[in-house]
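Structural characterization, general
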Amino acid sequence: CAIEGAKHDLRNCWWIVDYNRQSLDATTSERMFLRFSEIFAAVGWDIVTLKYGRRLEAAFAQSGGAALKTWFDDCPNDRYSGLAFQGGAAWRAAILADLGGDPQVATLLARFDDQTLADLMTNLGGHDLDLLLDAFNAVTDDKPKLFIIYTLKGYGLPFQGHKDNHSGLMTETQMAAFQARMGVPRGEEWAAFAGLPRPEGDYRAFLGKVPFAAREPAPRAAPIAVPEPFPKPSGRSSTQVAFGRILNDLARAGGPLADAIVTTSPDVTVSTNLGAFVNQRGLFARAASPDHFRDAAIASPQRWAMGPNGQHIELGIAENNLFLLLGALGLTGAMFGERLMPVGALYDPFINRGLDALNYACYQDARFLLAATPSGITLAPEGGAHQSIHTPLIGMAQAGLSAFEPAFVDELSEIMRWSFTHMQAEDGGSVYLRLSTRVLEQPRRDPDEAWSAALIEGAYWLIEPGPEARLAVVYAGAVAPEALAAHAGIAEDFPGAGLLAVVSPDRLHRGWTMSAKDSHAAVLLKRLGHGASLVTVIDGPPATLSWLGGVLGHPVRALGVESFGQSGEIDDLYRAYRLDAEAILDAAAESLI
């Protein structure tokens, strides 16, 4: 993150490290703060270290104080934490044992009783409010700042400094004593100003005047219209290529939506098909920068102008940064009253690298569109290591994120049109598209409103089942050709068999869990005969679709991928992993026995 910030000339950013010498389970390694300093200084940040409170600094300035300061600085983290837990008598014994030969130190310590000595030795920078305010108010520029601020974990509590205090709880007696020391009357534990020395009105008057409270609220972000008709590329295509063409068409046409889109990618802009959008809208940079390749007439399809008006933010190979950025961009409407429409693209397996940041972005209700590709083992020609297996289950499990896996371009176009509206809705959220580089023939159809509604709810009948149908093939995503071929074979013996296209296992499942009997999944599956069987297939974990058997009690044969790593052509790998038409036919035959 620090290097990424340096690349983009990050400004007006503070990081505060609460350096309390402890981890959750123990004390930290020595001199760790120096590594923080070196890392951030290397990328151009100012480093401000607040180690000593002012009472401690005053003691160091007295006779014998220089030796005491050296002892303090050399005290190992675990020893310091242990002494802070033990108290004043332990402090005195330890210092005198090490420095007892220095009469000036002994005289200095004699000025403090045990309690005041303990208070002095724990008077760290992070517990000195005046020192903190002076340090923060002293900042007069927008250069990034790293504040390393020493504190004592559990400060003021009976287990302060103890290595086990992360899970420590006070006894009732200790809690009562602490409450009395804080001056909080019983029954007023949650009162805003209980225990404070001045009248409540003084605090309310002061807080009402601080800049944060006095600021004008951010204006409500105006809705951004989604253009109609929405771009829908034609011809043979993969969903990944169609995704790039849709964004390119939006960028070319212009308008409020195109102007609000900000794309970003962790160094795979070209290979995820964002390049055409960047050609139209440019790379973001704080200052304009020349394109030396273009100026030298070196041929390249990428014509990426770089400057403050650019709408693509280039990132290094760090997917965690991608989700941090999408989370920040996706909150602009709520925080600043001006809505951006962030669109991020990455390789599908590498969602795992940024799951923590993705989770918290959704937790904060950030709104963004995420396009991940290629799905599953369709990455086969590029090798085995980067194939994605379990990402559909991530899409289903992540709250605040609607996951889709379209097979065809018209599905993708309709999903993207809906997504840009969903990202702005009060009850909306973010969207995850699991796309493919597999080129498919596109169906010839004229979608209507009923088809669009079913699509967004998660599924539709690509081939309607006949009356009392005994079987349906259910597929999602890139395995559509295999599902179609298998269905054609099944239909010779079972003409009424249906073919169900699931474009969002996530939304289909969510609808079922919210309203089982009236869910979209139940309505679709009621078209089948009693006791009919389902064969589900996805280039992902079989569990993504196997739950459909629980909707109305249909027997299920679930096909999917539970291992990965082979290289080869997609057809070869689908045959090896039993995702091909023959495997679907075998599963159908078994289910009908």
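Up top you'll find the structure we're talking about.
Scope of this entry: the structure provided in the associated data block. Predicted, not measured: the structure shown is a model, and the values here were computed from it. (Residues numbered from 1 in each chain as written. Predicted model: local features only at pLDDT ≥ 70, side-chain atom pairs only at ≥ 80, totals over all residues. Heavy atoms only, no water.)

Details of helix 9 (residues 129-137)
Turn by turn, an α-helix covers 3.6 residues, leaving residues three or four places apart pointing in a common direction. Among the residues of helix 9, those classed as buried are Leu131, Leu132 and Ala135. For helix 9, the angular spread of the buried residues around the axis is 100°, confining them to a single face. Opposite the buried face of helix 9, at more than 90 degrees from it, the exposed residues are Leu129 and Asn137. (Buried < 20%, exposed > 50% of the residue type's maximum accessible area, 1.4 Å probe, protein only. Helix = DSSP H or I, 4+ residues; strand = E, 2+ residues; numbered from the N terminus. Arc of directions from axis to C-beta.)

Section: the packing of helix 23 (residues 480-493) against helix 29 (residues 581-591)
Interhelical geometry of helix 23 versus helix 29 gives an angle of 45° and a closest axis separation of 8 Å. Comparing their axes, helix 29 and helix 23 come out oblique. Crossing hand, helix 23 versus helix 29: right-handed. Residues Glu482, Ala483, Ala485, Ala486, Gly489 and Ile490 of helix 23 touch helix 29, and the partners they reach there are Ala581, Ile584, Leu585 and Ala588. (Axes fitted to C-alpha atoms, helices over the stretch in contact; angles between N-to-C directions. Parallel < 35°, antiparallel > 145°, perpendicular 65-115°, else oblique. Left-handed = near helix turned anticlockwise from the far one by under 90°. Contact = heavy atoms within 4.5 Å.)

A short note on the pattern of salt bridges
For the structure on display, the rule yields 35 salt bridges. We note a salt bridge from Arg353 to Glu319, for which the minimum N-O separation is 3.1 Å. Highlighted residues: Arg353 in the loop between strand 8 (341-347) and helix 19 (355-363) and Glu319 in helix 17 (residues 319-329), separated in sequence by 34 residues. On the accessibility criterion, Arg353 (44% relative accessible area) is partly exposed. Overall, Glu319 belongs to the buried group, its relative accessible area being 4%. Put simply, Arg434 and Glu405 hold a salt bridge, and the shortest N to O gap is 2.8 Å. Of this pair, Arg434 sits in strand 11 (residues 430-434) while Glu405 sits in the loop between strand 10 (401-404) and helix 21 (409-422), placing them 29 residues apart in sequence. Like Arg434, the residue Glu405 is buried in the burial classification. Bridged by salt links that share partners, the residues Asp9, Arg11, Asp142 and Arg286 form one connected network. (Salt bridge = Lys/Arg side-chain N within 4 Å of Asp/Glu carboxyl O.)

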